[in-house]
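Below, each chain spelled out in residue letters.
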Amino acid sequence: MLNFSNKSYQLKFNIINMAKKLQMNLIGFAPVERWEKYGETDPEYYPQNIWPEVKSVIVLGTQIYLPMLETTPSVVYSELYNTANRILDEAAYKISNYLNVQKKQAFFFPRDCYGDISVLIEKPAAAFSQVLAGKYAGLGTIGYNHTLITKEFGPRVRLVSVLTNALLPPDPVLKKDLCIKCEMCRKCCPTSSFKTTENLIADMDKKKCAAYHAELKSAFCYPCGVCIKVCPIGEDRKVYGYDAKKYLGEREVLKRNKKDPEYAGWVHCREHGSKTVQKL
Ligand code: SF4
Ligand code: SF4
């Protein structure tokens with residue numbers, strides 16, 4: 001067990017304050033040893049094996065607003081996704097800069113980090129998993145749908161990581177899984193990409209999911225997001241509510257009647273600013 005100096009605690013405190021000022025909803029700290037301890041990915045994906053000087057990973061999260069996500073596939077959600085990504089990268093850039101001023105090495109691993117969906121269809125893996133980083137920084141646990149499930153926003157959160165050689169006091173990893181394995185994500189996935197029902201984390205056909213994303217991208221309503229939209233977990237549900245029947249019935253009802261009043265707002269957003277895609 002490492003002992004941390006007062007200076008390390010002060011630095012952590014300053015970073016948290018800065019993240020709050022940058023409108024980040026979540027922040028957590030992970031020591032790089034956790035990648036090895038949990039052994040959930042190949043060693044070439046450990047941050048300390050990509051950049052040997054790195055000692056700590058600071059994970060920042062920002063929320064995805066549910067009413068905008070519910071309109072997916074739409075340009076409304078697409079714009080939200082792009083904005084969330086931009087503010088995450090900006091916050092990570094500024095926090096890295098702050099650490100540099102304190103004479104620490106620091107830089108960030110941008111969220112997403114792929115040139116085009118066609119690359120993901122060939123090789124659906126990221127060079128660095130923000131989801132694992134979020135877990136090791138104590139922000140949440142990995143759900144059936146392969147996303148980070150958080151207490152605050154369920155899976156409706158986007159993540160970015162700052163990597164630094166500063167030794168910072170870590171946050172504890174959550175012990176209890178937040179995913180309740182309700183399988184709403186499996187039932188509502190428009191491509192039936194989730195396969196297993198036995199494991200907590202589903203076998204997933206990532207290429208199928210990526211191929212659908214290519215279709216959405218060419219229709220200007222990327223990404224999909226259905227598996228995070230329908231997840232019941234998250235305190236944001238206390239604000240926005242939860243209607244499983246509406247989610248489960250969406251595809252069938254709209255197939256019968258495109259003008260069904262219950263879905264009118266979502267359909268309205270889908271019919272403007274992007275092309276129509278058949279699946280939901
Ligand atoms: S929808 Fe249910 S099964 Fe899927 S991630 Fe959320 S809690 Fe887990
Ligand atoms: S993003 Fe969409 S297509 Fe991909 S797994 Fe989730 S619900 Fe299915």
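Scroll up a little and you will see the structure.
Residues numbered from 1 in each chain as written. Chains lettered and ligands numbered in written order. Predicted model: local features only at pLDDT ≥ 70, side-chain atom pairs only at ≥ 80, totals over all residues. Heavy atoms only, no water.

1. As for the sheet that holds strand S1 (residues 26-31)
Overall, antiparallel pairing links the 4 strands, which are arranged S1-S2-S6-S3 in an open sheet. In this open sheet, the two edge strands, each paired with only one partner strand, are S1 and strand S3 (106-109). Between one strand axis and the next, the sheet turns through 25 degrees on average, direction left out of account. Direction of pairing for strand S2 (residues 56-63) relative to strand S6 (residues 157-164): antiparallel, over a ladder of 8 bridges. Paired with Ser-56 across the bridge in S6 is Thr-164. (Pairing = 2+ DSSP bridges. Helix = DSSP H or I, 4+ residues; strand = E, 2+ residues; numbered from the N terminus. Axes fitted to C-alpha atoms, helices over the stretch in contact; angles between N-to-C directions.)

2. Section: empty space enclosed by the protein
For the coordinates displayed, the defined rule picks out 1 cavity of 30 Å³ or more. One number sums up the size of the largest cavity: a volume of about 90 Å³. The wall of the largest cavity is formed by 16 residues, among which Cys-179, Cys-182, Cys-185, Cys-231 and Pro-232 lie closest to the centre. Taken together, the residues that form the lining of the largest cavity break down as 12 nonpolar, 2 polar and 2 charged. (1 Å grid on protein atoms, 1.4 Å probe; cavity = no way out; pocket = protein on both sides within 12 Å on 5 of 7 lines; lining within 4 Å. Points joined across faces, edges and corners; volume = space filled by probe spheres on them. Nonpolar A, V, L, I, M, F, W, Y, C, P; charged D, E, K, R; others polar.)

3. Quick look at the site of ligand 1
Around ligand 1, the structure places 13 residues, and the nearest of them are Cys-179, Cys-182, Glu-183, Cys-185 and Cys-231. Here ligand 1 is seated within the largest cavity. Of the residues assigned to the shell around ligand 1, the class counts are 10 nonpolar, 1 polar and 2 charged. (Near = heavy atom within 4 Å. Sits in = over half its atoms within 2 Å of the grid points.)

All quantities given are derived from atomic positions and should not be read as evidence of function.
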